[in-house]
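Summary of structural features
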Amino acid sequence: MSDEQPTFKVTDRRLFNADGSLRDGLPAEETKTPTTGAIGETSPPAEAAPTPSATSTVPAETAPAPPAAEPALDELSEEPLPGEEDPASFINFIMSIASNAAASLGMMEHPVSGQRAVDLNLAHHWLDVLGMLQEKTKNNLLPQEQQALDGILSDLRMQFVALTRAAQQKQAAGGGGGFTAQDILGGK
C-alpha cells in the first residue's frame, strides 16, 4: 500500500448564511443574453425542449412540492408531527424531556415510582434543558416541531411559576409541607 494520504477539497455551496442572509462571494447566476435579428430586433433566448433523457423519472407522488407560503398556526395543529412514530425523532426526544419536567411538577405520575411529587429544583433543571434546546434549534425546526416545543415549554413554565408562587405563599404564611392537588391543578 502507498503511504500517501488522499487529499480532499471541501467547498461550501450553501447560498445562505446561518442567519438567513445571502452569502457574499457567490458566483453570479449565468444569464442568457438575447440574440439580435437582422434588423436589430431582439428575440428571447431559445429554450431547449426537454429530451427524454433530461426529463424526471420521479413519480408525481414523490416529486418535491414547491415551497408554500408559511401556514397559519391553526393549520399546523392539523398536520401530523414528522417522525412521531420514530422513537428516535426530535419530537419524541422533546416529549421525553417534557415528561420528566411534568413529573417533577406533579402534573403526572413519576414513570418509575408511580407517585406524584413536586420537586421544583429538578423541574427547573428540565425547563432549562428544554429552553436550551429551544435556543439551539432556533430557525432549524419544522414549523410543527417549533410549535410543539414552544407550546410544551410555555405550559411547563406557567405550571412552574404557579407552583413557585404557591410555595412562596405557604412559606410566608408559616406553613410548610407539600403541595395540594389545588396547587398542582390550579384554581382558587
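Keep in mind the model is a prediction, meaning the values are calculated, not measured.

1. Topic: helix α4 (residues 143–172)
- In a regular helix each residue adds 1.5 Å, so 30 residues correspond to 44 Å; α4 covers 43 Å between its end C-alpha atoms and thus fits that length.
- Among the residues of α4, those classed as buried are Q144, E145, A148, L149, I152, L153, L156, Q159, F160, L163 and A166.
- G174 occupies a position one or two residues after α4 and carries a positive phi of about 85 degrees.

2. A look at the packing of helix α2 (residues 90–104) against α4
- In contact at an axis separation of 11 Å, α2 and α4 are set at 5 degrees when each is read in the N-to-C sense. The angle between the axes of α2 and α4 places the two elements in the roughly parallel class. Packed against α2, whose contacting residues are F90, I91, I94, M95, A98, A101 and A102, the element α4 presents E145, A148, L149, I152 and L156 at the interface.

3. Considering the packing of helix α3 (residues 120–136) against α4
- Two elements in contact, α3 and α4, have axes separated by 10 Å at closest approach and are oriented at 155 degrees. With respect to α4, the element α3 is oriented roughly antiparallel. You can see that α3 and α4 cross each other, and the crossing is left-handed. For the pair formed by α3 and α4, the contact residues are L120, A123, H124, L127, L130, G131, L133 and Q134 on the first element and Q146, L149, D150, L153, L156, R157, F160, L163, T164 and A167 on the second.
- For the contact of α3 with α4, the per-class residue count stands at eleven nonpolar, five polar and two charged.

4. Examining the confidence of the model for the chain
- Averaged over all residues, the pLDDT of the chain equals 73, while 62% of them reach at least 70.
- Within the chain, α3 carries the highest mean pLDDT (96), whereas helix α1 (residues 73–76) carries the lowest (46).
- Taken as a whole, residues 43–76 scores under 50 in pLDDT and shows twelve contacts with residues more than four places along the chain or in a different chain.

5. Re unusual backbone geometry
- Of note in this structure, N139 is not a glycine but carries a positive phi near 65 degrees.
- Using a relative accessible area of 72% as the deciding quantity, one classes N139 as exposed.

Calculation criteria
- Residues numbered from 1 in each chain as written.
- Predicted model: local features only at pLDDT ≥ 70, side-chain atom pairs only at ≥ 80, totals over all residues.
- Heavy atoms only, no water.
- Helix = DSSP H or I, 4+ residues; strand = E, 2+ residues; numbered from the N terminus.
- Expected span 1.5 Å × (residues − 1).
- Buried < 20%, exposed > 50% of the residue type's maximum accessible area, 1.4 Å probe, protein only.
- Axes fitted to C-alpha atoms, helices over the stretch in contact; angles between N-to-C directions.
- Parallel < 35°, antiparallel > 145°, perpendicular 65-115°, else oblique.
- Contact = heavy atoms within 4.5 Å.
- Left-handed = near helix turned anticlockwise from the far one by under 90°.
- Nonpolar A, V, L, I, M, F, W, Y, C, P; charged D, E, K, R; others polar.
- pLDDT = per-residue confidence, 0-100.

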